[in-house]
Amino acid sequence: MQIIDVQLETWDGTPVIGVKTTERRSAKDFKDKPAIMHPRQAVFYRNLIKIAEVLGSREIPVEFALGNGERARMDHGCVKMAELAGFIEPLQDGASGYVETIRLAWRVRPDE
């Protein structure tokens, strides 16, 4: 599991990227509908930008470990709403048959 040493912004309600354990999903199993921009989703987007900055890449793992060793996984609803809004590229299953990474819809580095 990849370790990403980043300070994530938190949300008072349900975490957008948190240490709670959620099941892995295939791309077809992400079912959330489009939604208006709201503060919780904005926190998710800011966290994606922070992670991309640390990694130097627009490809980000859905599940990873934080610098303190805690496991983290992206909220499924936030991921799907980001896809529907065009913030990330369409979800694709990895070799495991589940979505393993997401890819920002814009470049982090000029060579990407």
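Right above here is the structure, for reference.
Residues numbered from 1 in each chain as written. Predicted model: local features only at pLDDT ≥ 70, side-chain atom pairs only at ≥ 80, totals over all residues. Heavy atoms only, no water.

(A) Broad picture of the packing of aromatic side chains. In the structure shown here, the tally under the stated rule is three aromatic pairs. Considering the side-chain rings of F87 and W106, the 5.9 Å spacing of their centres and the 80° angle between planes classify their relative orientation as edge-to-face. Taken together, the residues F87 in the loop between α2 (76-84) and β6 (101-103) and W106 in the segment after β6 connect sequence positions 19 residues apart. Under the relative-accessibility criterion, F87 is labelled buried at 17%. (Phe/Tyr/Trp six-rings, centres within 6.5 Å; stacked < 30°, edge-to-face > 60°. Helix = DSSP H or I, 4+ residues; strand = E, 2+ residues; numbered from the N terminus. Buried < 20%, exposed > 50% of the residue type's maximum accessible area, 1.4 Å probe, protein only.)

(B) Spotlight on the pattern of salt bridges. Under the counting rule described, the total for this entry stands at twelve salt bridges. Notably, a salt bridge pairs R73 with E63, separated by 2.6 Å at the nearest N-O pair. Note that R73 is positioned in strand β5 (residues 71-74) and E63 in strand β4 (residues 63-66), a separation of ten residues in sequence. Per residue, the accessibility class of R73 equals that of E63, and both read buried. What emerges from the salt-bridge pattern is a single network uniting R24, E63, R71 and R73. (Salt bridge = Lys/Arg side-chain N within 4 Å of Asp/Glu carboxyl O.)

(C) Focus on α2. Counting buried residues along α2, eight of its nine residues qualify, which places the element largely inside the surrounding structure. Burial in α2 covers these residues: H76, G77, C78, V79, K80, M81, A82 and E83. Tucked into the core, α2 has its buried residues touching α1 (39-55), β5 and β6. At the N-terminal end of α2, a side-chain oxygen is found 3.1 Å from the backbone nitrogen of G77, two or three residues along, and the residue is D75. A positive backbone phi angle near 85° is found at G86, which sits one or two residues after α2. (Contact = heavy atoms within 4.5 Å. Polar contact = N/O pair within 3.5 Å; in protein donor to acceptor, adjacent residues only side chain to side chain.)

(D) Expanded view of the pairing of β5. Of the pairings in the sheet, the one linking β4 to β5 comprises three bridges and is antiparallel in character. Bridge pairing in β5 places F64 opposite A72. Turn length for the β4-β5 hairpin, with the two strands adjacent in sequence and antiparallel, is four residues, and the turn residue G69 shows positive phi of about 95°. (Pairing = 2+ DSSP bridges.)

(E) Quick look at the nonpolar core. Formed by 28 residues in total, the largest nonpolar core has its most connected members in I17, F44, L48, M74, I88 and I102. When contributions to this core are tallied by element, the ones reaching two or more residues are α1, β4, β5 and α2. Top contributing element to this core by residue count: α1, with six residues. Setting aside chain neighbours within four positions, we find M74 in contact with V16, I17, F44, L48, I60, P61, V62, V79 and I102. (Core = buried A, V, L, I, M, F, W, Y, C linked by side-chain atoms within 4.5 Å.)

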